[in-house]
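Report on the structure
Residues per chain, in single letters:
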Amino acid sequence: MLQRRDIPQAAAIFAEQFMEDPLYIFILPNQRTRLNVLRIFFRNYLDMLYPYSDLYASSTQLEGVMLVFRSEKFGSSRLAQMNYLRRIVVAILKSLPACKYIGVKGLLRGVSILKNMSSAWLSMLEERPYVHMDMLVVQQQYRGTGVVTKMVMPLIDECTANDVACTLETQNPNNVPLYGRYGFELVDTINMPDSELEQYCMVYNR
């Protein structure tokens, strides 16, 4: 498991590996600025979610990196929700340097898109505890070597043993059959208004 001090390195890997993800291409169509903005975004995003999540790596080589949000760390009180909103505001403020590349309008557009493509759909679980596989990437040179299985299966086994829901979402349609092989089922599809972008919401159900 990675520590807070590892966030910059993990953020750099997420930025590099999400360069061709449909969501971030839609948010940042200019490829020349995309990597710089994603590096800023992921560093602040990981820092925002760190208190509620576990950050995993496949090994010390970081062939794969995974962020897992845990509902039991979040809590359900009004104070917990207020603290989370405060962390979101701080993350947005810390991301202001991205305006150097995309301007204020571009930053606000990105925030709006991320709000639409959010994890609000998890409310369908009601009171059931869950772990949410927020992000998982494998560095290009290690793809096809079993890294995804190495990272996903222990999480699934943990959820099965503890009767906890395991969830994820992706905007890449190619990932739907990939996760389907691990037992995840598509439970909802969210359309981004005025675009062809879709978010596929999946829950492990075996």
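Structure first, text after, so check above.
Residues numbered from 1 in each chain as written. Predicted model: local features only at pLDDT ≥ 70, side-chain atom pairs only at ≥ 80, totals over all residues. Heavy atoms only, no water.

Brief notes about unusual backbone geometry
- Of note in this structure, L62 is not a glycine but carries a positive phi near 55 degrees.
- You can see L62 is positioned in the loop between β1 (53–57) and β2 (64–70).
- Owing to a relative accessible area of 4%, L62 belongs among the buried residues under this scheme.
- Positive phi is not limited to glycine here, since D163 has a value of about 55 degrees. (Helix = DSSP H or I, 4+ residues; strand = E, 2+ residues; numbered from the N terminus. Buried < 20%, exposed > 50% of the residue type's maximum accessible area, 1.4 Å probe, protein only.)

As for the packing of helix α3 (residues 31–49) against helix α5 (residues 78–94)
- Put simply, α3 and α5 touch, their axes get as near as 9 Å, and they point 160 degrees apart. Judged on the interaxial angle alone, α5 and α3 are roughly antiparallel. In terms of crossing hand, the pair formed by α3 and α5 is right-handed. Note on element contacts: α5 touches α3 through Y84, R87, I88, A91 and K94, opposite I40, N44, D47, M48 and L49.
- Its residues assigned to classes, the contact of α3 with α5 comprises six nonpolar, one polar and three charged. (Axes fitted to C-alpha atoms, helices over the stretch in contact; angles between N-to-C directions. Parallel < 35°, antiparallel > 145°, perpendicular 65-115°, else oblique. Left-handed = near helix turned anticlockwise from the far one by under 90°. Contact = heavy atoms within 4.5 Å. Nonpolar A, V, L, I, M, F, W, Y, C, P; charged D, E, K, R; others polar.)

Let's talk about the nonpolar core
- In this structure, F14, Y24, F42, L46, L55, V65 and M135 are the most contacted members of the largest nonpolar core, which totals 45 residues.
- Dropping the residues within four chain positions of it, Y24 is found in contact with F18, R34, L38, F41 and F42.
- Within the second largest apolar cluster, 24 residues are counted, among which are Y56, L155, V164 and Y200. (Core = buried A, V, L, I, M, F, W, Y, C linked by side-chain atoms within 4.5 Å.)

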